[in-house]
Amino acid sequence: NAGVTQTPKFQVLKTGQSMTLQCAQDMNHNSMYWYRQDPGMGLRLIYYSASEGTTDKGEVPNGYNVSRLNKREFSLRLESAAPSQTSVYFCASSEFTASYEQYFGPGTRLTVT
Amino acid sequence: DQQVKQNSPSLSVQEGRISILNCDYTNSMFDYFLWYKKYPAEGPTFLISISSIKDKNEDGRFTVFLNKSAKHLSLHIVPSQPGDSAVYFCAASDGGGADGLTFGKGTHLIIQP
């Protein structure tokens, strides 16, 4: 039982390049999320998927797209990377329970030069 | 405008003493609050949560207190241990369940031997 896994762990992109961050969970959770964390900042929600087949924008969606491929997988795509997207990206999943608890992956550290 | 505020970027406490981490919020629609702990190069892990219908929740060495009228919550760790050294994030939900969490900027807790 791996929980939430993310690939890659590290990535360096040049401005204008594209890439997809992958996330998978094996807890059979309905909801999945993408957050970014910048130095001195908390985690900010980029996009979320409340259930398979639905996606919605979070606080900072500009420059990103997402795909909920199936119940397990939720990917984040940068079509044309910018230096402002240098950040650590975390994927999370949850089941709607009374605790609102979300389970996080280990993160992807992305640098855009 | 920050809806969840952690005004102390860092806190140093002696081993064995009580650690008190504070969090303020502005959105009166928040009805569930969580604390997450984060070690470097890892994803956040859930610590403890509290519903707005309660004013206290305890789990072992960790207690969270909620003062709704003051829009303030605090996390108490007693006794503090070296392994508690980490960044602690306060997070809140407005009852959307699957809609994602709003995080504070975090407090870096350092436990001194």
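Shown above is the structure to which this text applies.
Draft legend 1. Quick peek at the overall build of chain B. From N to C terminus, chain B includes 0 helices and 11 strands. The helix and strand sequence of chain B, counted from the amino end, reads β-β-β-β-β-β-β-β-β-β-β. Viewed in the frame of its principal axes, chain B has a C-alpha envelope of about 40 × 30 × 20 Å. Counting over 113 residues, chain B shows a buried share of 46%. Looking at chain B as shown, the accessible area adds up to about 5,400 Å², and 47% of this sits on carbon and sulfur atoms. Here chain B contributes 10 positively and 11 negatively charged side chains, and the mean placements of these two sets differ by 4 Å.

Draft legend 2. Focus on the sheet that holds strand E1 (residues 4–5) of chain B. All names here are of chain B. The strand order E1-E3-E8-E7-E6 describes an open sheet built from 5 strands, whose pairing is antiparallel. The strands lining the two open edges of the sheet, one partner per strand, are E1 and strand E6 (56–59). As paired elements, strand E7 (residues 62–67) and strand E8 (residues 72–77) share 6 bridges and run antiparallel to each other. Paired with Asn 67 across the two strands is His 72, which belongs to E8.

Draft legend 3. Layout of the sheet that holds strand E1 (residues 4–7) of chain A. Residue and element names in this part refer to chain A. With antiparallel pairing, the 4 strands of this open sheet are ordered in space as E1-E3-E8-E7. For this open sheet the edge positions go to E1 and strand E7 (64–68), each flanked by a neighbour on one side alone. Each strand axis lies, on average, 20° off the axis of its neighbour in the sheet, ignoring direction. In terms of strand pairing, E1 meets strand E3 (residues 19–25) through 4 bridges, oriented antiparallel. Bridge assignment links Gln 6 to a residue of E3, and that residue is Cys 23.

Draft legend 4. Local environment of the pattern of salt bridges. On inspection of all chains with the given rule, the structure shows 5 salt bridges over all chains. For the salt bridge of A:Arg77 with A:Glu79, the shortest nitrogen-to-oxygen distance reads 3.1 Å. Assessed through its relative accessible area of 29%, A:Arg77 is described here as partly exposed. With a closest N to O distance of 3.8 Å, B:Glu58 and B:Lys56 form a salt bridge. Residue B:Glu58 is classed as exposed on the basis of its relative accessible area, which comes to 52%. Salt bridges sharing partners connect three or more residues here, namely A:Arg36, A:Asp38 and A:Arg44.

Draft legend 5. Geometry of the environment of B:Asp99. Take B:Asp99: it is sitting in the loop between strand E9 (86–93) and strand E10 (102–103). Residue B:Asp99 is classed as partly exposed on the basis of its relative accessible area of 35%.

Draft legend 6. Spatial organisation of the interface of chain B and chain A. Chain B puts 22 residues into the contact, and the matching count from chain A is 21 residues. Here chain B and chain A share an interface that buries about 1,700 Å² over both sides, 62% of which is from carbon and sulfur atoms. Across the chain B-chain A interface, the total number found is 0 salt bridges. Every element with two or more residues in the side of chain B that touches chain A is listed here: strand E4 (32–38), strand E5 (45–51) and E9 of chain B.

Draft legend 7. Layout of the state of the cysteines. Under the counting rule described, the total for this entry stands at 2 disulfides over all chains. Sulfur-sulfur distance for the disulfide between A:Cys23 and A:Cys91 comes to 1.8 Å. For the disulfide bridge between A:Cys23 and A:Cys91, the dihedral angle about the S-S bond is near -70°, and by the sign convention the bridge is left-handed. Note that A:Cys23 is positioned in strand E3 and A:Cys91 in strand E9 (residues 87–94), a separation of 68 residues in sequence. The same class applies to A:Cys23 and to A:Cys91, which are both buried. Between the sulfur atoms of B:Cys23 and its disulfide mate B:Cys90 the distance is 2.1 Å. Its S-S torsion of about -75° marks the bond between B:Cys23 and B:Cys90 as left-handed, since a negative value means left-handed. Of the two residues, B:Cys23 is situated in strand E3 (residues 19–25) and B:Cys90 in strand E9; the sequence distance between them amounts to 67 residues. With respect to class, B:Cys23 is no different from B:Cys90; both count as buried.

Draft legend 8. Representation of the environment of B:Cys90 within the structure. All names here are of chain B. Given a relative accessible area of 0%, Cys 90 falls into the buried group. As a C-alpha pair, Cys 90 and Phe 103 span 13 residues in sequence and 5.8 Å in three-dimensional space. In contact with Cys 90, not counting residues within four places along its chain, are Val 4, Gln 6, Cys 23, Leu 34, Trp 35, Leu 73, Thr 102, Phe 103 and Gly 104.

Cut-off values and rules
- Residues numbered from 1 in each chain as written.
- Chains lettered and ligands numbered in written order.
- Predicted model: local features only at pLDDT ≥ 70, side-chain atom pairs only at ≥ 80, totals over all residues.
- Heavy atoms only, no water.
- Helix = DSSP H or I, 4+ residues; strand = E, 2+ residues; numbered from the N terminus.
- Buried < 20%, exposed > 50% of the residue type's maximum accessible area, 1.4 Å probe, protein only.
- Areas by Shrake-Rupley, 256 points an atom, 1.4 Å probe, with all protein chains shown as cover.
- Lys, Arg positive; Asp, Glu negative; His and termini not counted.
- Charge placed at Lys NZ, Arg CZ, Asp CG, Glu CD.
- Pairing = 2+ DSSP bridges.
- Axes fitted to C-alpha atoms, helices over the stretch in contact; angles between N-to-C directions.
- Salt bridge = Lys/Arg side-chain N within 4 Å of Asp/Glu carboxyl O.
- Contact = heavy atoms within 4.5 Å.
- Buried area = accessible area lost by both parts, 1.4 Å probe.
- Disulfide = S-S within 2.5 Å.

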